[in-house]
Number of protein chains: 2
Amino acid sequence: MAKVQELAIKTKKEENISEWYTEVIQKADLIEYTDVSGCMIFKPNSYQIWESIQIFFNEKLKKSGIRNAYFPMLIPEHLLTKEEEHVEGFTPEVAWVTHAGESELKERLAIRPTSETIMYPAYSKWIKSYRDLPLRLNQWANVVRWEFKHPTPFMRNREFLWQEGHTAFATKEEADREILEIIEYYRQVYEELLAVPVTPGYKSVKEKFAGADYSTTIEPLAPDGKVIQAGTAHHLGQNFSKAFDVKFLDKDQKPQYVYQNSWGISTRTIAGMILTHSDNRGLVLPPKVAFNKVVIVPLLFKGKEEMVLEKANEVMESLSEFNPILDDDTKLSPGFKFNKWEMQGMPIRLEIGPRDVESGVCMMSIRDLDEKQEVKFEDVKVRVKSELEMMHKRLFDNAKNMQDSLTTEATTFDEMQKAIESGKRVLVPWCESIESEEEIKEKTGAKTSCIPFEFENRSLKNVKCFYSSKPATCFVYFSKSY
Amino acid sequence: MAKVQELAIKTKKEENISEWYTEVIQKADLIEYTDVSGCMIFKPNSYQIWESIQIFFNEKLKKSGIRNAYFPMLIPEHLLTKEEEHVEGFTPEVAWVTHAGESELKERLAIRPTSETIMYPAYSKWIKSYRDLPLRLNQWANVVRWEFKHPTPFMRNREFLWQEGHTAFATKEEADREILEIIEYYRQVYEELLAVPVTPGYKSVKEKFAGADYSTTIEPLAPDGKVIQAGTAHHLGQNFSKAFDVKFLDKDQKPQYVYQNSWGISTRTIAGMILTHSDNRGLVLPPKVAFNKVVIVPLLFKGKEEMVLEKANEVMESLSEFNPILDDDTKLSPGFKFNKWEMQGMPIRLEIGPRDVESGVCMMSIRDLDEKQEVKFEDVKVRVKSELEMMHKRLFDNAKNMQDSLTTEATTFDEMQKAIESGKRVLVPWCESIESEEEIKEKTGAKTSCIPFEFENRSLKNVKCFYSSKPATCFVYFSKSY
């Protein structure tokens, strides 16, 4: 019993979400810290989530004609510094390789914080004619950003995993269209895989990617009213193609610079998933990212073990498509096992005891519900399948309700400030000035999350900026953020 | 026509294999060099091969109960240097991170050349009792080894991709068994996926992994008589568990050090595949690693385009399981297209012209054969499937014959030296002394490739070492190597 209590989460999510988070990620066996601050171990329980995202996203990419490749991780300093805005954005966080073996390198090498500057010299070689366009490549890679803020696992790692897509087009229109296509895939990763609702939209000028013409994002809202930036698609215009001389001859044999996009989604997605769904009993794993979707716990009473195990194995086999685990360890009590699997977010648990075998039913627990249900053995497979589907939908709907209840609108700074103080995300009409965003951040701790696509068509006639009282040019979400 | 010739490979494989190799990897669009020597771009045509290997090997791992994880890339110097032999083996090639942003780090960080020293401190935390064993993890990662030898793409990159498995067991017997299991999976990667025959065996004491008790390997033999070390599994004994304090309480509550293995296969496999199968027309891609297995080239004569394209699209659809490409570019001649796809190793090419549509047949070219075959449209799907299977088998058999013809036996140093001079791999009885291996290397340029499992049971009674004339303790292959 001591062990069960040690395993339990001591902090309540509703009381201190950041302490609760720190407990969940360790007790659900997702993460391990190392001697290097900000560099964490993705244990199998979390890495499997990333693998699910890879499989899901790769399928979208392949259908769209985007191919995977791999570019070197080390970027010579003279390349990293070629695009002016980009340098300013990234160099403060770059990890530098200066020595190899006993020798000092002639030029420092940056570990990629993102790969524009190592990829585009190659694009410049490869793209000669309009017939070489579009060029659409993606890579799955590790990146290092030596942030000096406090590292939080998944949320702010100094080394993290992501995919980065880098594409080049003959026209701005094609590039613009791709941005919306990719943001839609990111929405699907969150909503269809992780059951986390997101708000797609544009980043403000202040918050856009260093070197982009504009950035788009999908931002889930956590239960503490803070948004999480976790997937972004940037239209780079011709900024990088001019810096890296990525030119093509058009149909009239005239040289033109390409229009470029870059886009990425990272292991931060896992932070959004945990914050949204998990509870005071531990991790809640959305069924589609759980590699093992069912655990079977046999209740092994003396003299009846064989009968129970035989039935448990039979059920195991019938559920093979869900990669079930049979937890037949005889040294641990059923209670301990129940707690462990709940903590690790196992979507469905089946308990099978001798009486169950005799009466032809077993008990089923669904991770996000607080009840057990009786299921006939002959119905188990069908029920597991439908319960997993319902669980996904329920997680999504609950998260949507949570997000809606944490979202409000305001038309004055006073209203806006109160909303932020009460832990909400607030939609306001805004004039889009960079100075106003800085002042508001100073006064309220909130910055713009995104200019949501969903309100692009709402009329701005006679609508004034909530802060400057100048004519508003958009509706934007302000909120605190991770 | 000028373009076709430019595309052609100028060097003959049989005349200068290394120049030929350099041409193939560039003209088949596999690789691009960068400003950092030894750090190359894996273009989509080569990265897809690595993706096939990942999918194939992940399936073996999952079935065996090994889970994927991800450990940090940066290893603090004090950890890298904990195991004595290991340090000596790797530090001359380590890339060091010394600065982050503007700050100098307190301790230098090594970019992993391999991950024992970042993983095992965590293993020491995680493993407490015999009930925590075995612990079997794998990661897919990039590694950096700043070798000062001439870099050759795939063969010797300073940054390359690999998987590394790291496992811990209560007993040596279990660890030994796993080594054989993993080497068998590596054999399958080569033989069943890449159609490259390999020789599994033990490394000599001189050639084993720095810090291992013993190492095993699978070594394909290239057409120039050199072997390629590309997949190894090491039994680390208790060397690392003692250095990193990885202990467990056994069933009698006594503390014991674990027995460990580490094993890896890298993007070097791609070099082995290219050297074995490709020819003077370019890359030959074994069908199982070709994402697109068929290209359809419509022959578009004026006025007949619609009829031909309609048929080509129909064939495309029927072949969807082979991810066919329809090359309907109207600006390039069929001849140019044929050359391009041959160069890139496309396993099967179908040509469809107006006369073919009328007579109900099309022409099929199989990449490794020098002939065209007529195929009825209704038979295309079945024929493609069987031709791909036969192609795999043919590639394997041809490679096996090539390797056999390059392999010989010797019992004296004189015979051995002649065999090496004639570009062969040679099996000899050997006394396993480190000094003799060094002397032989000096005199012949050859070192031990492996002590093959296949001759372990051959009698050594009264057999003398070919070099020292002392009693032989094994049969070993000597050869030149990449």
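The following paragraphs examine the structure supplied in this document. These numbers come from a predicted model, not from an experiment. (Residues numbered from 1 in each chain as written. Chains lettered and ligands numbered in written order. Predicted model: local features only at pLDDT ≥ 70, side-chain atom pairs only at ≥ 80, totals over all residues. Heavy atoms only, no water.)

### Some details on the overall build of chain A
Note the threshold: Numbering of helices and strands runs from the N terminus; a helix is a DSSP stretch of H or I covering at least four residues, while a strand is a stretch of E covering at least two. The size measure is the radius of gyration over C-alpha atoms, and the globule rule it meets is 2.2 Å times the number of residues to the 0.38 power. For the exposure calls, accessible area comes from a 1.4 Å probe over protein chains only, and a residue counts as buried if that area is under 20% of its type's maximum, exposed if over 50%, partly exposed in between. Any pair of residues with heavy atoms lying within 4.5 Å of one another is described as a contacting pair. Accessible surface area values rest on a Shrake-Rupley calculation with a 1.4 Å probe, where residue burial reflects the displayed protein chains alone. In summary, the charge assignment counts Lys and Arg as positive and Asp and Glu as negative, without counting His or the chain termini. For charged residues, the charge sits on one atom: NZ in Lys, CZ in Arg, CG in Asp, CD in Glu.
The helix and strand tally for chain A stands at 15 helices and 24 strands. Over its C-alpha trace chain A gives a radius of gyration of 25 Å, about what one expects of a compact globule, namely 23 Å for 482 residues. Counting only C-alpha atoms and orienting by the principal axes, one finds that chain A spans roughly 85 × 60 × 45 Å. Relative to its full complement of 482 residues, chain A shows a buried share of 59%. Partitioning the intrachain contacts of chain A with sequence separation of at least 6 by distance along the chain shows that 69% fall at a separation of at least 24. Counting only carbon and sulfur atoms, one obtains 49% of the accessible surface of chain A, whose full area is about 20,000 Å². Of note, chain A has its 65 positive side-chain charges centred 1 Å away from the centre of its 75 negative side-chain charges.

### Brief notes about the packing of helix H2 (residues 17-27) of chain B against helix H9 (residues 268-277) of chain B
All names here are of chain B. Where we set the bar: Lines fitted to the C-alpha atoms define the axes, with helices restricted to the stretch that makes contact. Angles between their N-to-C directions range from 0 to 180 degrees. Throughout, the term roughly parallel applies to angles under 35 degrees, roughly antiparallel to angles over 145, roughly perpendicular to angles from 65 to 115, and oblique to all others. Two helices crossing with the near one rotated counterclockwise from the far one by less than a right angle form a left-handed crossing, whereas a clockwise rotation gives a right-handed crossing.
Direction vectors running N to C along H2 and H9 enclose 110 degrees, while the axes themselves pass 11 Å from each other. The angle between the axes of H2 and H9 places the two elements in the roughly perpendicular class. Pair H2 / H9 crosses with right-handed handedness. Contacts between H2 and H9 involve Ile-17, Trp-20, Tyr-21, Val-24 and Ile-25 from the first element and Ala-271, Ile-274 and Leu-275 from the second.

### Quick word on the side chain of B:Arg112
Condition: One speaks of a salt bridge when a side-chain nitrogen belonging to Lys or Arg is within 4 Å of a carboxyl oxygen belonging to Asp or Glu. Here a polar contact is taken to be a pair of N or O atoms separated by no more than 3.5 Å, where protein atoms must pair a possible hydrogen donor with a possible acceptor and residues adjacent in sequence count only if both atoms sit in side chains.
Considering the arrangement of structural elements, one finds B:Arg112 in the loop between strand E6 (103-111) and helix H6 (116-126). Buried charge without a partner: B:Arg112 forms no salt bridge, and the closest opposite charge is A:Glu159, 4.3 Å away. Looking at B:Arg112, its side chain comes within polar contact range of the side chain of B:Tyr70, at 2.8 Å. In terms of polar contacts, B:Arg112 uses its side chain to reach the backbone carbonyl oxygen of B:Phe71, at 3.0 Å.

### Examining the relation of the copies chain B and chain A
Applied cut-off: The superposition of copies rests on a least-squares fit of C-alpha positions from residues with pLDDT of 70 or more in both.
After a rotation of 180 degrees and a shift along the axis of 0.0 Å, chain B superposes on chain A with an RMSD of 0.0 Å. Those values place the two copies in the arrangement expected of a two-fold rotation axis. Nearest to the rotation axis, the C-alpha of B:Val97 is located 2.1 Å from it, this being the minimum over chain B.

### Section: the packing of aromatic side chains
Here is the rule we go by: Note on aromatic pairs: the rings of Phe, Tyr and Trp (six-membered ring only in Trp) are paired at centre separations within 6.5 Å, and the planes decide the class, stacked below 30 degrees, edge-to-face beyond 60, tilted for the rest. For a ring to carry a charge above it, either NZ of a lysine or CZ of an arginine must fall within 6 Å of the ring centroid while also lying within 35 degrees of the normal to the ring plane.
This model, assessed by the stated rule, comprises 46 aromatic pairs over all chains. Between A:Phe57 and A:Trp140 the ring centres are 6.2 Å apart and the planes differ by 85 degrees, which places this aromatic pair in the edge-to-face class. Residue A:Phe57 is found in helix H3 (residues 44-64), and its partner A:Trp140 is found in strand E7 (residues 135-144); the two are separated by 83 residues along the sequence. By relative accessible area, A:Phe57 is classed as buried at 0%. Note on A:Trp140: relative accessible area 10%, which makes it buried. Residues B:Phe57 and B:Trp263 carry aromatic rings whose centres are separated by 6.3 Å and whose planes lie at 75 degrees to one another, so their mutual orientation is edge-to-face. One end of the pair, B:Phe57, is in helix H3 (residues 44-64); the other, B:Trp263, is in strand E15 (residues 259-266), with 206 residues separating them in the sequence. Assessed through its relative accessible area of 2%, B:Trp263 is described here as buried. Taken together through their ring pairs, the aromatic side chains of A:Trp50, A:Phe57, A:Trp140, A:Tyr185, A:Tyr186 and A:Trp263 make up a single cluster. We note A:Arg458 situated over the ring of A:Phe475; from NZ or CZ to the ring centre the distance is 4.8 Å. Positioned over the ring face of B:Trp96 is B:Arg108, at 3.9 Å from the centre of the ring.

### Let's talk about the interface of chain B and chain A
We apply this condition: What counts as buried area is the accessible surface, traced by a 1.4 Å probe, that two parts surrender upon association, with contributions from both included.
On the side of chain A, 60 residues touch chain B, which itself brings 60 residues to the contact. Across the chain B/chain A interface, buried area totals approximately 4,900 Å², and carbon plus sulfur atoms make up 60% of it. Ranking the residues of chain B by area buried against chain A places B:Pro44, B:Tyr70 and B:Arg131 at the top, with a combined share of 13%. Counting the contacts that link chain B with chain A gives six salt bridges.

### What about unusual backbone geometry?
Cis rather than trans, the peptide bond between A:Leu133 and A:Pro134 has omega equal to -10 degrees. Note that A:Pro134 resides in the loop between helix H6 (116-126) and E7. Positive phi outside glycine occurs at B:Phe154, with the angle close to 70 degrees. By secondary structure assignment, the location of B:Phe154 is in the loop between strand E7 (135-144) and strand E8 (159-169). What makes B:Phe154 buried here is its relative accessible area of 1%. At B:Ala195, a position not held by glycine, the phi torsion is positive, near 60 degrees.

### So, the pairing of strand E9 (residues 199-202) of chain A
Residue and element names in this part refer to chain A. Under the convention used in this document: Paired strands are those between which DSSP finds at least two bridges.
Of the two faces of E9, only the one carrying Thr-199 and Gly-201 is buried; Pro-200 and Tyr-202 on the other face are not. Relative to strand E10 (residues 214-219), E9 runs antiparallel, the two sharing four bridges. Bridged to Pro-200 within E10 is Ile-218. Bridge analysis of E9 against strand E23 (residues 447-452) gives two bridges, and the strand direction is antiparallel. Along E23, the bridge assignment pairs Tyr-202 with Ile-451.

### Concerning the environment of B:Ala243
All names here are of chain B. Tracing the chain through its elements places Ala-243 in helix H8 (residues 239-243). Using a relative accessible area of 26% as the deciding quantity, one classes Ala-243 as partly exposed. In this structure the C-alpha to C-alpha distance between Ala-243 and Glu-83, which are 160 residues apart in sequence, comes to 5.7 Å. Those residues in contact with Ala-243 that lie beyond four places of it in its chain are Lys-82 and Glu-83.

### Concerning the packing of helix H14 (residues 413-421) of chain B against helix H15 (residues 434-444) of chain B
Residues and elements named next belong to chain B. Heads up, the rule is: Residues are sorted three ways: Asp, Glu, Lys and Arg are charged, Ala, Val, Leu, Ile, Met, Phe, Trp, Tyr, Cys and Pro are nonpolar, and all the rest, Gly among them, are polar.
Closest axis-to-axis distance for the H14/H15 pair is 11 Å, and the angle between their directions is 50 degrees. Taken together, H14 and H15 sit at an angle that is classed as oblique. Taken as a pair, H14 and H15 cross one another with a handedness that is right-handed. Together, Phe-413, Met-416, Gln-417 and Ile-420 of H14 and Ile-440, Lys-443 and Thr-444 of H15 make up the contact between the two elements. Of the residues assigned to the contact of H14 with H15, the class counts are four nonpolar, two polar and one charged.

### Here we look at helix H9 (residues 268-277) of chain A
For the α-helix, the turn length of 3.6 residues means that residues three or four positions removed from each other point alike. Residues and elements named next belong to chain A. Among the ten residues of H9, ten are classified as buried, and the element is accordingly described as predominantly covered. Of the residues making up H9, those classed as buried are Arg-268, Thr-269, Ile-270, Ala-271, Gly-272, Met-273, Ile-274, Leu-275, Thr-276 and His-277. Where the residues of H9 are buried, they touch helix H2 (17-27), H3, helix H7 (172-193), strand E15 (259-266) and helix H13 (380-405).

### Quick look at the environment of B:Val246
All names here are of chain B. You can see Val-246 is positioned in the loop between H8 and strand E13 (247-249). Since its relative accessible area comes to 0%, Val-246 is described here as buried. Considering only alpha carbons, one finds Val-246 and Pro-121, 125 residues apart in sequence, at a separation of 7.7 Å.

### A word on the sheet that holds strand E19 (residues 361-366) of chain A
Residue and element names in this part refer to chain A. The five strands lie next to each other as E17-E16-E18-E19-E20, forming an open sheet whose pairing is mixed. Each edge of the open sheet is held by one strand with a lone partner, namely strand E17 (325-326) and strand E20 (372-376). Strand direction decides the pairing type here: strand E16 (residues 294-298) and strand E18 (residues 348-352), joined by five bridges, are parallel. Within E18, the residue paired with Ile-296 across the bridge is Leu-350. Of the strands in this sheet, E16, E18, E19 and E20 touch H13, which is tilted by about 15 degrees from E19.

### Brief notes about the nonpolar core
This is how the line gets drawn: Remark: nonpolar core denotes a set of buried residues (Ala, Val, Leu, Ile, Met, Phe, Trp, Tyr, Cys) joined through side-chain atoms within 4.5 Å.
The biggest cluster of nonpolar side chains holds 132 residues, and the ones touching the most others in it are A:Ile111, A:Ile274, B:Ile111 and B:Ile274. Core analysis: the second largest hydrophobic core is formed by 30 residues, B:Trp96, B:Ala122, B:Trp126 and B:Ala168 among them.

### Re the pattern of salt bridges
According to the stated counting rule, one finds 70 salt bridges over all chains in the structure shown. A salt bridge links A:Glu184 to A:Arg187; the nearest nitrogen and oxygen atoms lie 3.0 Å apart. One end of the pair is A:Glu184 and the other is A:Arg187, both in helix H7 and three residues apart, which spans about a single turn. Classification of A:Glu184 by relative accessible area gives partly exposed; the value is 31%. Residue B:Arg131 pairs with A:Asp329 through a salt bridge whose shortest N-O separation is 2.3 Å.

### Thoughts on the pairing of E7(B)
Residues and elements named next belong to chain B. Across the ten residues of E7, ten count as buried, placing the element largely inside the fold. On E7, burial covers both faces: Leu-135, Leu-137, Gln-139, Ala-141 and Val-143 on one face and Arg-136, Asn-138, Trp-140, Asn-142 and Val-144 on the other are all buried. In the sheet, strand E3 (residues 67-68) pairs with E7 via two bridges, with the strands oriented parallel. Looking across to E7, one finds that Asn-68 is bridged to Asn-138. In this sheet, E8 lies alongside E7 in antiparallel orientation, the contact comprising ten bridges. Across the sheet, Leu-135 pairs through a bridge with Ala-168, a residue of E8.

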